[in-house]
Each structure stands twice: as C-alpha cells, then as structure tokens.
Amino acid sequence: MSSSIQLESSWLKVLKDEFNSDYFKTLKQFLTEEKKNGKVIYPPGSKIFAALDACPLSQVKAVVIGQDPYHGPNQANGLCFSVNEGVKTPPSLVNIYRELETNLGLPIPSHGDLSHWAKQGVLLLNATLTVEAHKAGSHQNKGWEKFTDAVIDRINEQKSNVVFLLWGGYAKRKGKNINRDKHLVLESGHPSPLSANKGHWFGNKHFSKCNAYLESLSLTPIDWSEV
C-alpha cells in the first residue's frame, strides 16, 4: 500500500480520520515491512480497497461481510467470497450459488467473480483486507478489523434502509451494533460446507428477502444472476 491512499472519493472523505489514525499508520508500516521481507500479499495493492471503490457510499444497498481474503494465487480480488474469472469457484461460493438457484431459480454462474453485484450497490466487505500467501488469517488483529468496523459504522450512521447480510458467527458479531430500526439485518449460518451442510445456510432465502425489502421501498432490486 502506497503512502497516499487511492480510494473512491466518498469513502476517502468519510474515512479520513481512520487513515490519519495511529492504528492505521501502524497497519501501513506492517504491510510495508512484510513486502520488504519478501512476503507475498493478497490481493494486489490496487485491489485492497476494491470493495469500496466499486461501491460508493451513496450507492450502497446491501452489505455482505466476509472475514479474510482468499490466500491462494490469483484468487483474491478485493471482494469477499469473490474470485477472479478463471479461478475455481471456492466451496463457500458454490453454496452461495446453490442457495441462489433454490431461492430465485437462477442458473449456477460459470465463474466466481462477483463484481457485477458490487456495481449494483452490494458492498462485499472482508473484515481483514489483506493476507499473506498460503497463510489464512495471517493479517488478523493488525488493524484492519478496526478500519472495517468504521466502514460499517459510517453506513449505519449515514444511510437508511440498507440490507446487511450476516452469514456466520463472525459476521453477526461484526454487525452487532447495526441499527435494526432503520436497516434490515438478515442473519444465518455461514455458507461454508461445515456450516451449510448442518442446515444453517440453505433455505435462508436471503436473496429474495433482500430484494423484497428494496422493492417495498421503491428501490431497484439486485440482479443476482451472472452478467
């Protein structure tokens, strides 16, 4: 990450205090040192803030909260649960697609790139925005969680009628302070095979519930299909 933060302007404005904070400066120093020491970090620097870049604050309709970027080569593209085209669809995303098929009758997409969701106002936010190659969770507790808490806080405070999709215990804890009086919060188990196959994911109907809520407010629903 370069010394100057390159980020979509509306987010840069509302997150200015975070970027100027001591914890974020420490985080930047950590990432700089990791790179100096030859560590491979995912996603590439230009994609670290891809979720925010693709979805300006004014356009956020829904928020999906993930945990870590994927840590394999060419997987992470800065959007939670999403991988680059040409990369095998990960198990959690396979289950997301299976629920979409059951819930909305949509065909299983041929790739795992979710950027078409992001462009419609779905903020696909990981709690931790970077990871060392092949080391899951390696950049946890370095400051990213505080930063992404701030992102969620800004949405919670400055917007109304956003749908928060909280999948699994981690996402539920991260969304515990969301104002349920002015936002729709949908919770279920995590789509990972471990949780989904225990009956905590399939059948949650989150995608249709999200769209029904948006349509009730005369907002354009999300086209969850492959485009």
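Throughout what follows, the structure given in this document is the object of discussion.

Calculation rules
- Residues numbered from 1 in each chain as written.
- Predicted model: local features only at pLDDT ≥ 70, side-chain atom pairs only at ≥ 80, totals over all residues.
- Heavy atoms only, no water.
- Salt bridge = Lys/Arg side-chain N within 4 Å of Asp/Glu carboxyl O.
- Buried < 20%, exposed > 50% of the residue type's maximum accessible area, 1.4 Å probe, protein only.
- Pairing = 2+ DSSP bridges.
- Helix = DSSP H or I, 4+ residues; strand = E, 2+ residues; numbered from the N terminus.
- Axes fitted to C-alpha atoms, helices over the stretch in contact; angles between N-to-C directions.
- Expected span 1.5 Å × (residues − 1).
- Phe/Tyr/Trp six-rings, centres within 6.5 Å; stacked < 30°, edge-to-face > 60°.
- Core = buried A, V, L, I, M, F, W, Y, C linked by side-chain atoms within 4.5 Å.
- Contact = heavy atoms within 4.5 Å.
- Right-handed = clockwise from strand over helix to strand, strands pointing away.
- Parallel < 35°, antiparallel > 145°, perpendicular 65-115°, else oblique.
- Nonpolar A, V, L, I, M, F, W, Y, C, P; charged D, E, K, R; others polar.

Scanning the entire structure with this criterion turns up 6 salt bridges. One salt bridge connects K135 with E132, and the closest N-O pair in it is separated by 3.6 Å. Note on K135: relative accessible area 43%, which makes it partly exposed. Overall, the relative accessible area of 10% leaves E132 in the buried class. One salt bridge in this structure joins R180 and E187, with 2.9 Å as the shortest N-O distance. Residue classification places R180 among the partly exposed positions, given a relative accessible area of 39%.

This part covers the sheet that holds strand β3 (residues 122-126). Whether parallel or antiparallel, the strands of a sheet pair through hydrogen bonds between backbone atoms. With parallel pairing, the 4 strands of this open sheet are ordered in space as β3-β2-β5-β6. Both outer strands of the open sheet, β3 and β6 (184-188), are each paired with one neighbouring strand and no more. Between one strand axis and the next, the sheet turns through 20° on average, direction left out of account. Pairing analysis gives 3 bridges linking strand β2 (residues 62-66) to strand β5 (residues 163-167), with the strands arranged parallel.

With 15 residues, helix α7 (residues 144-158) should cover 21 Å at 1.5 Å per step; its first-to-last C-alpha distance of 21 Å lies within 8% of that length. Every buried residue belonging to α7 is among W144, E145, F147, T148, A150, V151, I152, R154, I155 and N156, and all of these are buried.

This next bit is on the pairing of β3. Counting buried residues along β3, 5 of its 5 residues qualify, which places the element largely inside the surrounding structure. Along β3, one buried face is formed by V122, L124 and N126 and the opposite face, lined by L123 and L125, is buried too. Bridge analysis of β2 against β3 gives 5 bridges, and the strand direction is parallel. Across the sheet, I65 pairs through a bridge with L125, a residue of β3.

We now examine the packing of aromatic side chains. Under the definition given, this model contains 15 aromatic pairs. Considering the side-chain rings of F19 and F49, the 6.1 Å spacing of their centres and the 90° angle between planes classify their relative orientation as edge-to-face. A residue pair is termed long-range when its members are at least 10 positions apart, and F19 in helix α2 (residues 16-19) and F49 in the loop between β1 (41-42) and α4 (50-54) qualify at 30 residues. The exposure class assigned to F49 is buried, which follows from its relative accessible area of 5%. Here F49 and W144 contribute two aromatic rings whose centre-to-centre distance is 6.0 Å and whose plane-to-plane angle is 75°, an arrangement assigned as edge-to-face. With a gap of 95 residues between them, F49 in the loop between β1 and α4 and W144 in helix α7 connect regions that are remote in the sequence. Classification of W144 by relative accessible area gives buried; the value is 0%.

Attention now moves to the nonpolar core. Membership of the largest hydrophobic core comes to 63 residues, with the highest contact counts inside it found for W11, L15, F49, L123, F147 and I155. Top element by residues in this core is α7. It accounts for 6 residues. In contact with L15, not counting residues within four places along its chain, are L7, L52, F147, A150, V151 and R154.

Given a rise of 1.5 Å per residue, 14 residues ought to cover 20 Å, and the 20 Å separating the end C-alpha atoms of helix α5 (residues 91-104) matches this to within 8%. Every buried residue belonging to α5 is among S92, L93, N95, I96, Y97, E99, L100 and N103, and all of these are buried. Where α5 is buried, its residues contact α6 (115-118), β5, α9 (193-200) and α10 (206-216). Directly after α5, the chain includes G105, whose backbone phi takes a positive value near 70°.

Our focus in this paragraph is the pairing of β5. Counting buried positions along β5 gives 5 out of 5 residues, so the element sits mostly inside the fold. Sheet topology places β5 next to β6; 5 bridges connect them, and they run parallel. In the strand pairing of β6, L165 is matched with L186. Following the chain from β5 across helix α8 (residues 169-174) to the adjacent parallel β6, one finds a crossover that is right-handed.

Take the packing of α5 against α10 next. Close contact between α5 and α10 brings their axes to 8 Å; oriented N to C, the two are set at 60°. One way to sum up the angle between α5 and α10 is to call them oblique. Mapping the contact onto sequence places I96, E99, L100, N103 and L104 in α5 and H206, F207 and S208 in α10. Here the contact of α5 with α10 is composed, by residue class, of 4 nonpolar, 3 polar and 1 charged.

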